[in-house]
Amino acid sequence: MKRTRSAIRYVFLIAAGVLTLIPIAYVLLSSFKTNQELISGGSLLPRTWTFDNFREVWQELNFSRYFYNSVVFSVIGAGAVALMGAMAGYVFARTDFPGKRLLTAAVLAVMFISLGPMTLYPRLELAVEWGLNRHIYTMPIVGIYGIGASLFLYEGFVRSLGKEIDEAAVMDGAGYFRRFWRIAFPLMTPITTTFFLLEFIQEWNNYVFPLVLSSGNPELKTLTVGVVEMRNMGDGAAAWNLLMAGSAISIVPVLVLFLLLNRKIVEGLAQGAVKG
Amino acid sequence: MKFFAKFGPAYLMLLLPVACFALFSVYPLLWAVKYVFYYYDGLFTERFTGWTNMSRLMSDELYWQSLWKQGLFALKVLIELPVAFLLALLLHRQTRGGNVFRAVFLMPYILPGTTMAMVLYLLLNPYNGDLNRLLLALGVVDQPVQFLAVGWTAFLSGIGLDAWQNFGINMLFFLVGLSSIPKEVYESAAIDGASGWQTVRSISLPMMGRILQIILFLSILGTLKSIGPYLVLTNGGPNYATENTFLYIFHQFFSGAGSVNYGYGATVAVFTAILLLALSVGYFRLTKRMDYH
């Protein structure tokens, strides 16, 4: 009785797992098919494996550039937000400065107001005015929201570190910045890693922001933008193999990251429910 | 002087985060509120128009229809949450390979949604799409289905994709909730001879309390402020069938049309944000009872 129940459980879980994975396997396997095979149909596995799709997309359709842009965009965006979260969280945990409650209220208010893609427009105007949308290194800037939910995450973490370490450093004459940079920030590494990873994935998957900011400047497109744009390539249905290869290039990096750092990422995602 | 010595470094350290927060989080909000009352074409013309934008919104049938679509889209949680909860229940017991299953179910969540929407777009293609091919081969249909050319199938396709991407995160949240319930409670229920369903109904669900309240909030509000896959999958078509409110907002600003009144776009966004804010407050009022821990 118990045996059968557990067997049923496994069968159910495996079926659900397979259903979940099929679309991902479909993209990865299709990216190795020739266009002819894709158009004429067949099994999930390619009859003949070809790497030409990747070569063509990477070299001729500028995906090497898009890949580079995606990396730069995600690293700068996630890095800046993580660093600012750490700084703000440290100050909030250690200093009762005048204006703290007002700032907390503002952060909470912003978190609960959802204007959606509208907020992109004024930021685009700023970016154009300041010339930030001309280079991939400056393009992420108007997306750096500064302080958000990360504030409370870091604040709680710094509080849990205890004040004693700081006080010892004060005795040694270390200033505020030195204490943050040399003592607190290194201790925050676990939470910073998790937060950075989650932000990185989010920025990597971001579509609307790079789409809007890169309009009129094709050299700034990221992978997500490049993939969708392939639909409008001259001959439409004729290039499905390239579309699949492009899609594979855009999903493999996050997939690998997720598989390698699974524990860290899952742990971070799970905090979303408790924090809320 | 003393004040500066005391708080100077703290303010200095906050300078960069607060500057970014003010410029890229707060300024867009204030911008939106201002332009509710303006006509603005993005270039030269900017003039005060009072409540004109608002009254245009009141009689904008496309907007009200988009709200309806957004609400329909939120019904997605009726598929997503039961699946997520069931899987969480199955994984909650010590299962060999539990971590592997957990990772598999979460995988769609970390992938770029627009890429997956693009892939679905190809799959649903009536001529060479593999889904139609499969359905034809299995004899489910006798001619290709024009999934994205018919309103309700296009809408359901988007719901399916979004549910596939998001059930995993909800499963994870449910797992967190379930593991917050002490084991002893289950044990005493088993001694009392409670059936599996009874245990779920009178222990698992109510005792998750606050976490359940948050899961429901995050998934409902999350869909109510999401474009979903429709920007890439259908761009709102056919004939506005998949144009939900947040896609409508996007189109107000970035549709590529010539003369646009961004003031009106701001009005649509602000009004919608107020509706959602009211809904959030209402939600927490109504579900206060759940938070009894």
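Residues numbered from 1 in each chain as written. Chains lettered and ligands numbered in written order. Predicted model: local features only at pLDDT ≥ 70, side-chain atom pairs only at ≥ 80, totals over all residues.

K.L.:
So what exactly am I meant to see when it comes to the overall build of chain A here?
P.N.:
Scanning chain A from terminus to terminus reveals 14 helices and zero strands. Taken from N to C terminus, the helices and strands of chain A fall in the order α-α-α-α-α-α-α-α-α-α-α-α-α-α. For 276 residues, the compact-globule estimate of 2.2 N^0.38 gives 19 Å, and the C-alpha radius of gyration of chain A, at 23 Å, exceeds that figure by more than 25%. Considering only contacts within chain A whose residues lie at least 6 apart along the sequence, 73% involve residues at least 24 apart. (Helix = DSSP H or I, 4+ residues; strand = E, 2+ residues; numbered from the N terminus. Rg over C-alpha atoms; globule rule 2.2 N^0.38 Å. Contact = placed C-beta atoms within 7 Å.)

K.L.:
Sorry if this is basic, but what is going on with the packing of helix H6 (residues 113-123) of chain B against helix H8 (residues 151-179) of chain B here?
P.N.:
Think of two packed helices as two axes; the pair is described by the angle between the axes and how far apart they sit. Residues and elements named next belong to chain B. Contact geometry for H6 and H8: axes closest at 11 Å, N-to-C directions at 135°. One element, H6, and the other, H8, form an angle in the oblique class. Remark: the crossing between H6 and H8 carries right-handed chirality. Taking contact as the criterion, the partners of Gly113, Met116, Ala117 and Leu120 in H6 are, on H8, Ser157, Leu161 and Gln165. Tallied by class, residues from the contact of H6 with H8 come to four nonpolar, three polar and no charged. (Axes fitted to C-alpha atoms, helices over the stretch in contact; angles between N-to-C directions. Parallel < 35°, antiparallel > 145°, perpendicular 65-115°, else oblique. Left-handed = near helix turned anticlockwise from the far one by under 90°. Nonpolar A, V, L, I, M, F, W, Y, C, P; charged D, E, K, R; others polar.)

K.L.:
Sorry, what's going on with unusual backbone geometry here?
P.N.:
Glycine aside, residues mostly have negative phi angles, and peptide bonds mostly take the trans form. Residues and elements named next belong to chain B. Residue Pro238 is bonded to the preceding Gly237 through a cis peptide linkage, with omega at -10°. Here Pro238 is to be found in the loop between helix H12 (230-233) and helix H13 (245-254). The phi angle at Asn235 is positive, at roughly 50°, despite the residue not being glycine. Judged by the 14 C-beta atoms lying within 10 Å of it, Asn235 is partly exposed. Unlike most non-glycine residues, Asn239 shows phi in positive territory, near 50°. Mapped onto the secondary structure, Asn239 falls in the loop between H12 and H13. You can call Asn239 exposed: it has 10 C-beta atoms within 10 Å. (Buried ≥ 20, exposed ≤ 12 C-beta atoms within 10 Å, placed from the backbone.)

K.L.:
Please clarify how helix H5 (residues 98-106) of chain B should be interpreted in this entry.
P.N.:
Because each turn of an α-helix spans 3.6 residues, side chains separated by three or four positions in sequence point in the same direction. Of all the residues in H5 of chain B, the buried ones are Phe101, Arg102, Phe105 and Leu106 of chain B. Axial view of H5 of chain B: buried residues confined to an arc of 130°, hence all on one face. (Arc of directions from axis to C-beta.)

K.L.:
Would you mind showing me how to read the environment of Arg96 of chain B here?
P.N.:
Residues and elements named next belong to chain B. Along the polypeptide, Arg96 turns up in the loop between helix H4 (77-92) and H5. Using a count of 9 C-beta atoms within 10 Å as the deciding quantity, one classes Arg96 as exposed. In this structure the C-alpha to C-alpha distance between Arg96 and Leu122, which are 26 residues apart in sequence, comes to 37 Å.

K.L.:
Sorry if this is basic, but what is going on with the packing of helix H9 (residues 183-191) of chain B against helix H10 (residues 196-208) of chain B here?
P.N.:
Residues and elements named next belong to chain B. Relative orientation of the contacting elements H9 and H10 amounts to 165°, with a least axis distance of 11 Å. As judged from the angle between their axes, H9 and H10 are roughly antiparallel. In this structure, H9 meets H10 at a crossing whose hand is right-handed. In this structure, H9 contributes Val185, Tyr186 and Ala189 to the contact, and H10 contributes Thr199, Ile203 and Met207. Its residues assigned to classes, the contact of H9 with H10 shows five nonpolar, one polar and no charged.

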